[in-house]
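# Reading the structure
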Amino acid sequence: MPAHKIKLAAAVVAAGVAVPAMAADGIAPQKVADMLHAVMNSDRTVYTRLVVNRLANKEGVIKASEHFEDDKALPLPAQMFRFGAEMVADQTEEFTYSLLSLWPVNKQNAPKTDAEKEGLEYVAENVGENWYGEEELGGQTYFTAVYADTGVAEACVSCHNEHKDSPRTDFELGDVMGGVVIRIPIDG
Amino acid sequence: MRTPLLWLLWTVLTLAGAAAVGAAVFIGGDRTPMLLGETTGVHHQFETACESCHGAEPLSSTEDALDALNESCRTCHDEELKLSDDSHPRKKFRDPRMADYWAKLDARACTTCHIEHEPEITRPGAVTLAMDYCIACHADGEQDVRAERESHAGLGFETCASAGCHNFHDNRALYEDFLVKHADDPWLLDPPVAANAAALRAPDARFAKPVGEPLTLARAEAPAAVLARFPQQELAAWAASAHAETGVNCAACHAPRAKDEAALAAEWSDAFDLKACAKCHRNQAQSWTEGRHGMAFHKDVANPRKLDKQLKSLGLAGLEEDLPAAIRAWLDDPAPAPQMTVAAARIPMKAEAGHAVLSCASCHDPHAPERAPARVETCAGCHDDDHTKAYFGSRHHELYLAELAGEGPPGSGVGCADCHMPKVEDPASGRVFTTHNPNAYLRPNEKMIRPVCMDCHGLGFAIDALADPALAANNFKGRPAVHVPGIDWAARRVTTGEAARQ
């Protein structure tokens, strides 16, 4: 074989090894989303069980309220979650997340995009599974993951069932009540 | 022969004109001729300090320039928006899931709804959109307000922002649960007393702790020559003043940097530096610069451009020394007036007060023995509009006079300052102080409901009173002629279980 063709073949082989190696340096978006969700979910479960449920429902020493400053009450778990998401948005554009539901108390937390609708319906019908997909918003492609959000404490189901704006009033402990949506911008 | 000369003349004049404009834009000088259109109410006080808002580098892209512009809005207005529990904060719209709304109304940017220099399309609140803008996001599918609320079924979107209904930013007195909570308030509470005002008027409440020992004239720390100028009873009056009592001596305001007797005489100034007041009265001084009385002193208003710095940034360092004095003077940035005169105001003012400049001393006499702060007479000394003139003889005025005479309980009197400069809590320290920014609670006027009106009145009555423009203009002589039904709709939604059915 002529010398230049051997060099060319060598270069192609080298690239074929190098490129996958470079991709393997990053972590796949799905894995990143799973890791983020593990943290978000745990933190909010801790707040819901050990703070809200314990102090507001069990001990009755303080209430939880959407207007926590005016009412001198605890912020709601959904608000704790949202405040965290807003703080993250101040620090990085590498990901965004929100808590949504097919039966939201506040209509602005209803699914807006097709991926959100599909994801929320999927995790509600397929208990124990997550939904992963891609969508384009505002000219940017995102890896979108939807995780089921379940009622982990009595505080969750009783408050939602009794709330005057809740479209559904038959939640039970352990039911899927909504979903956590995590978005990671990716190259399209 | 004429035509080439005319060409030459035209060329020279064009180049000279371009140079003049270029100099004003990039170097220095009065930019008033370049103002596109009248600026809004308070921005006009620094309208020639363009860099206060237009902070982008010269020749930036439109995108960068807009970003810099919006950032400068936030520099001054972010804190107030946070305190007002903004219903439409920027962070709500940053999330990519809101991307569809960006095309309809990009609420990530202040400039979408608030554009300066466009007086023909500027409405109250400095809004430059058609008043039915809510339709952009609240008219479709699950967000359709007309479907989500029976009470709103037939309403037009131009009525959303009607008085007493909804504000885009500050809904602290208008959110649904608050309306429901106060739906049964009587028009007059019992007792109708402003608790914060009463607390601050208590004899020893005004000072957390004395700065030092009460002063005698011997320790006043003023040069003998100065003291000799004043009659004995004036000096005695000062010695009985609150400042003397807390150990704030003459030097503290009139020669703050003097370290010994000799320096005291050398550095003595009859006029005092406003920073002297601000050293102790921090909250008051800062809030004063945030309103129209003291806006010229606001820390974020751009400083006048310095000729040498501007030339240096253009790579022409040192050129200013070669310029004739006349050109140098012409290129000098006129500072925004350090103190606003009464005549510069855009609302009716008394002609005889026109020359007066505004400072702490306009309303407060630091030498006076009386502790009663300025609440009515000082305001009426300059303000000459219908609302001010109508105050005298109103029920609020009667209560003010009664409290002064000792016939009404502390906190029951309602002077100008009781409504327009309410006692509020400093979010950082939790201490209650009198805000010196009369504009913070002025527009939309529902902002006044919680810190002011609800001390004495029920929510429904307060909403109705503020929603009646004739009543506000005649300074609340009489009862409201309008009723804003929102509070009834909110209450009905709960009691009839209407919410559950939707």
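All of these numbers come straight from a predicted model, not from anything done at the bench.

When you go through chain A residue by residue, the secondary structure sums to five helices and four strands. The secondary structure elements of chain A, listed N-terminal to C-terminal, are α-α-α-β-α-β-β-α-β. Taking all 188 residues of chain A together, the buried fraction comes to 27%.

Another point: the overall build of chain B. From N to C terminus, chain B includes 25 helices and two strands. Over its C-alpha atoms, taken along the principal directions, chain B stretches across nearly 85 × 80 × 40 Å. Burial statistics for chain B: of 502 residues in total, 22% are counted as buried. Across chain B, the fraction of contacts at a sequence separation of at least 24, relative to all contacts at a separation of at least 6, is 61%.

So, on to the packing of helix 2 (residues 29-58) of chain A against helix 5 (residues 154-162) of chain A. All names here are of chain A. Close contact between helix 2 and helix 5 brings their axes to 9 Å; oriented N to C, the two are set at 60°. In this view, helix 2 runs oblique relative to helix 5, as classed from their interaxial angle. Counting all contacts with helix 2, which are made through Thr 48, Val 52, Asn 53, Ala 56 and Asn 57, the residues of helix 5 involved are Glu 154, Ala 155 and Cys 156. A class-by-class count of the residues in the contact of helix 2 with helix 5 yields four nonpolar, three polar and one charged.

Attention shifts here to the packing of helix 2 of chain A against helix 3 (residues 77-91) of chain A. Residue and element names in this part refer to chain A. Orientation of helix 2 relative to helix 3, taken along the N-to-C sense of each, is 140°, at an axis distance of 10 Å. Put simply, helix 2 runs oblique to helix 3. When you trace helix 2 past helix 3, the crossing you get is right-handed. Along its contact with helix 2, which presents Arg 44, Tyr 47, Thr 48 and Val 52, the element helix 3 presents Pro 77, Met 80 and Phe 81.

What follows concerns the sheet that holds strand 2 (residues 131-137) of chain A. All names here are of chain A. Strands sit in the order 1-4-3-2 across an open sheet of four strands; the sheet is antiparallel. Two strands lie at the open edges of the sheet, namely strand 1 (96-100) and strand 2, each paired on one side alone. When the angles between neighbouring strand axes are averaged without regard to direction, this sheet yields 25°. Pairing analysis gives five bridges linking strand 1 to strand 4 (residues 176-186), with the strands arranged antiparallel. By the bridge assignment for strand 4, Thr 96 is matched with Arg 183. Together, strand 1, strand 2, strand 3 (140-150) and strand 4 form the strand contacts of helix 4 (residues 114-125), whose direction differs from that of strand 3 by roughly 30°.

To continue, consider helix 5 of chain A. Among all positions in helix 5 of chain A, only Ala 155, Cys 156, Val 157, Cys 159 and His 160 of chain A are buried. At its buried positions, helix 5 of chain A is contacted by helix 2 and strand 4 of chain A.

All names here are of chain A. In terms of strand pairing, strand 2 meets strand 3 through seven bridges, oriented antiparallel. Residue pairing across strands places Glu 134 opposite Phe 143, the latter belonging to strand 3. What sits between the antiparallel neighbours strand 2 and strand 3 is a turn of two residues, in which Gly 138 has the positive phi angle 55°. Bridge analysis of strand 3 against strand 4 gives ten bridges, and the strand direction is antiparallel. Within strand 4, the residue paired with Thr 144 across the bridge is Arg 183.

Time to look at the nonpolar core. Core analysis: the largest hydrophobic core is formed by 28 residues, its most contacted members being Met 448, Ile 449, Leu 459, Ala 462, Ile 463, Leu 466 and Ile 487 of chain B. Secondary structure elements with two or more residues in this core: helix 21 (416-420), helix 22 (459-467) and helix 24 (486-495) of chain B. Examining the composition of this core, we find that seven residues originate from one element, helix 22 of chain B, more than from any other. By size, the runner-up hydrophobic cluster in this structure holds 26 residues, among which are Leu 99, Trp 131, Ala 155 and Cys 156 of chain A.

The interface of chain B with chain A comprises 15 residues on the first partner and 17 residues on the second. Secondary-structure elements contributing two or more residues to the side of chain B that touches chain A are helix 3 (90-94), helix 4 (99-104) and helix 25 (498-501) of chain B. Per element, the largest residue contribution to the side of chain B that touches chain A is three residues, and it comes from helix 4 of chain B. Its residues placed into classes, the side of chain B that touches chain A shows six nonpolar, one polar and eight charged.

Residues and elements named next belong to chain A. A maximum bend of about 40° is found in helix 2 at Val 52. Three or more residues of helix 2 are buried, namely Pro 29, Ala 33, Met 40, Arg 44, Thr 48, Val 52 and Asn 53. Buried residues belonging to helix 2 abut helix 3, strand 1, strand 3, helix 5 and strand 4. A positive backbone phi angle near 65° is found at Gly 60, which sits one or two residues after helix 2.

Before going further, it helps to examine the environment of Lys 82 of chain B. Residue placement: Lys 82 of chain B occurs in helix 2 (residues 62-83). For Lys 82 of chain B and His 169 of chain B, which are 87 residues apart along the polypeptide, the C-alpha to C-alpha distance reads 9.6 Å.

Before going further, it helps to examine the environment of Asp 175 of chain A. Residues and elements named next belong to chain A. Residue placement: Asp 175 occurs in the loop between helix 5 and strand 4. Judged by the 16 C-beta atoms lying within 10 Å of it, Asp 175 is partly exposed. Dropping the residues within four chain positions of it, Asp 175 is found in contact with Thr 150 and Gly 151.

The next subject is the pairing of strand 1 of chain A. Of all five residues that make up strand 1 of chain A, five are buried, and the element is covered over most of its length. What you see with strand 1 of chain A is no split at all: Thr 96, Ser 98 and Leu 100 of chain A on one side and Tyr 97 and Leu 99 of chain A on the other are buried throughout.

Let us look at the environment of Ala 467 of chain B. All names here are of chain B. Relative to the helices and strands, Ala 467 resides in helix 22. Ala 467 sits 267 residues away from Leu 200 along the chain, and the two C-alpha atoms are 30 Å apart. Setting aside residues up to four positions removed in sequence, Ala 467 forms contacts with Ala 163, Gly 164, Val 482 and Val 484.

Here the focus is unusual backbone geometry. Here Asp 190 of chain B and Pro 191 of chain B are connected by a cis peptide whose omega angle stands at 0°. The residue after Arg 443 of chain B, namely Pro 444 of chain B, is reached through a cis peptide bond having omega -10°. Within the fold, Pro 444 of chain B resides in the loop between strand 2 (432-434) and helix 22. Backbone geometry places Lys 72 of chain A, a non-glycine residue, at a positive phi of 50°. Take Lys 72 of chain A: it is sitting in the loop between helix 2 and helix 3. Residue Asp 85 of chain B is not a glycine yet carries a positive backbone phi of 55°. Checked against the element boundaries, Asp 85 of chain B lands in the loop between helix 2 and helix 3.

Taken residue by residue, chain B gives an average pLDDT of 87. The fraction at 70 or more is 93%. Here helix 25 of chain B stands out as the least confident element of chain B, with mean pLDDT 58; helix 22 of chain B is the most confident, with 97.

Scoring rules and cut-offs
- Residues numbered from 1 in each chain as written.
- Chains lettered and ligands numbered in written order.
- Predicted model: local features only at pLDDT ≥ 70, side-chain atom pairs only at ≥ 80, totals over all residues.
- Helix = DSSP H or I, 4+ residues; strand = E, 2+ residues; numbered from the N terminus.
- Buried ≥ 20, exposed ≤ 12 C-beta atoms within 10 Å, placed from the backbone.
- Contact = placed C-beta atoms within 7 Å.
- Axes fitted to C-alpha atoms, helices over the stretch in contact; angles between N-to-C directions.
- Parallel < 35°, antiparallel > 145°, perpendicular 65-115°, else oblique.
- Nonpolar A, V, L, I, M, F, W, Y, C, P; charged D, E, K, R; others polar.
- Left-handed = near helix turned anticlockwise from the far one by under 90°.
- Pairing = 2+ DSSP bridges.
- Core = buried A, V, L, I, M, F, W, Y, C linked by C-beta atoms within 7 Å.
- Bend = angle between axes of the 7 residues up to and from the residue.
- pLDDT = per-residue confidence, 0-100.

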